[in-house]
Amino acid sequence: MSKESFKAFVKTKPELARMVTEGKTSWQKLYETYDLYGQNSDVWQELTNTRKELTTKANKTMLDIKNLFSGLDLNTVQKGVDGLQKAIGLLQNITSSKDTPQNNYEERPIYKYYED
């Protein structure tokens, strides 16, 4: 198997190039697989099918997220955020209005040792 035939084979399967750019495999490993099994092996179908399964799972996850946010009422969310802000402000007022204990300690002059 020559390099030129491997290059022609990779051009027909762009999924392999994506796998290399994403760091999932290397060109060396792909070439060795190509050299061992050839271009008509089931190995290539397994590699491309796993890639397609991953993309369909990612698409499904994105659709789930989209559906989650599409049913969201932004006015209700804004009211909830406003309520949280009021509660935090109230807690801040309560904690800041507490009387802090007075410090009755007076510093002694440096030159005075025994209450002279």
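Right, let's walk through the structure included here. Bear in mind the structure is a predicted one, so any value in this text is a computation, not a measurement.

## Considering helix H2 (residues 14–21)
Those residues of H2 lying buried are Glu15, Leu16, Met19 and Val20. The buried residues of H2 occupy an angular sector of 140° when projected down its axis, which confines them to one face. At the C-terminal side of H2, glycine 23 shows a positive phi close to 85°.

## Some words on the packing of aromatic side chains
Scanning the model with the defined rule gives four aromatic pairs in all. Summarising the aromatic geometry, the rings of phenylalanine 6 and tryptophan 27 are spaced 6.5 Å apart at their centres and angled 85° between planes, so their arrangement reads as edge-to-face. In this pair, phenylalanine 6 is assigned in helix H1 (residues 3–12) and tryptophan 27 in helix H3 (residues 27–37), connecting sequence segments 21 residues apart. By relative accessible area, phenylalanine 6 is classed as buried at 8%.

## Observations regarding the nonpolar core
Listed in full, the nine residues of the largest apolar core are Phe6, Phe9, Val10, Leu16, Met19, Val20, Leu30, Tyr34 and Trp44. Looking at this core, the elements with two or more residues in it are H1, H2 and H3.

## Things to note about the side chain of threonine 33
Here threonine 33 shows up in helix H3. Apart from the residues within four sequence positions on either side, threonine 33 is in contact with Gly38, Val43 and Trp44.

## Let's talk about a nonpolar patch on the surface
Where nonpolar side chains cluster on the molecular surface, the patch consists of Met62, Ile65, Leu68, Phe69, Leu72, Val77 and Val81 and spans about 650 Å² of accessible area. Mapped onto the nonpolar patch, the elements with two or more residues apiece are helix H4 (42–70) and helix H5 (74–97). Of all the elements, H4 adds the most residues to the nonpolar patch, at four residues.

## Some words on the pattern of salt bridges
Throughout the structure, instances matching the rule amount to one salt bridge. Of the charged contacts, one joins lysine 24 and glutamate 22 as a salt bridge, the two residues approaching to 3.4 Å between their closest N and O atoms. On the accessibility criterion, lysine 24 (48% relative accessible area) is partly exposed.

## Observations regarding H1
Listed as buried for H1 are Phe6, Phe9 and Val10. Relative to the axis of H1, the buried residues are bounded by an arc of 100° and lie together on one face. When the buried face of H1 is taken as reference, the exposed residues oriented beyond 90 degrees from it are Glu4, Lys7, Lys11 and Thr12.

## Section: the packing of H1 against H3
Direction vectors running N to C along H1 and H3 enclose 105°, while the axes themselves pass 11 Å from each other. In terms of orientation, H1 lies roughly perpendicular with respect to H3. Residues Lys3, Ser5, Phe6, Phe9 and Val10 of H1 form the contact with H3, whose own contacting residues are Trp27, Leu30, Tyr31 and Tyr34. Across the contact of H1 with H3, the residue classes tally to seven nonpolar, one polar and one charged.

Rules and cut-offs
Numbering of residues starts from 1 in each chain and follows the order in which that chain's sequence is written. Confidence filtering applies because this is a predicted model: local features only for residues at pLDDT of at least 70, side-chain atom pairs given and counted only at 80 or more, and all residues used for totals across whole chains, interfaces and linings. Based on all heavy atoms of the structure, the side-chain values leave hydrogens and waters out of the count. The rule is simple: take the accessible area with a 1.4 Å probe, protein chains only, and divide by the maximum for that residue type; under 20% is buried, over 50% is exposed, in between is partly exposed. Helix numbering and strand numbering both begin at the N terminus, where a helix is a DSSP run of H or I of at least 4 residues and a strand a DSSP run of E of at least 2. Arc, as used here, means the arc of the directions from the helix axis to the C-beta atoms. Pairing of aromatic rings covers Phe, Tyr and Trp, the last through its six-membered ring, and needs centres within 6.5 Å; plane angles under 30 degrees mean stacked, over 60 mean edge-to-face, and all others mean tilted. Take the buried Ala, Val, Leu, Ile, Met, Phe, Trp, Tyr and Cys residues and link them wherever side-chain atoms come within 4.5 Å; each set so joined is a nonpolar core. Note on contacts: a residue pair qualifies if any of its non-hydrogen atoms lie within 4.5 Å across the two residues. Two joining distances apply to patches: 9 Å for like charges and 5 Å for nonpolar side chains (Val, Leu, Ile, Met, Phe, Trp, Tyr), and every residue must have over 30% relative accessible area and no salt bridge. In these tables, accessible area is a Shrake-Rupley quantity obtained with a 1.4 Å probe, and a residue counts as shielded only by the protein chains included in the view. The working definition used for a salt bridge is a side-chain nitrogen of Lys or Arg within 4 Å of a carboxyl oxygen of Asp or Glu. Note on definitions: angles span 0 to 180 degrees between N-to-C directions of axes, and those axes are lines fitted to C-alpha atoms, for helices only across the stretch in contact. Roughly parallel covers angles under 35 degrees, roughly antiparallel covers those over 145, roughly perpendicular covers 65 to 115, and oblique covers all other angles. Nonpolar residues are Ala, Val, Leu, Ile, Met, Phe, Trp, Tyr, Cys and Pro. Charged residues are Asp, Glu, Lys and Arg, and all others, Gly as well, are polar.

As far as function goes, none of this settles anything; it's purely spatial.
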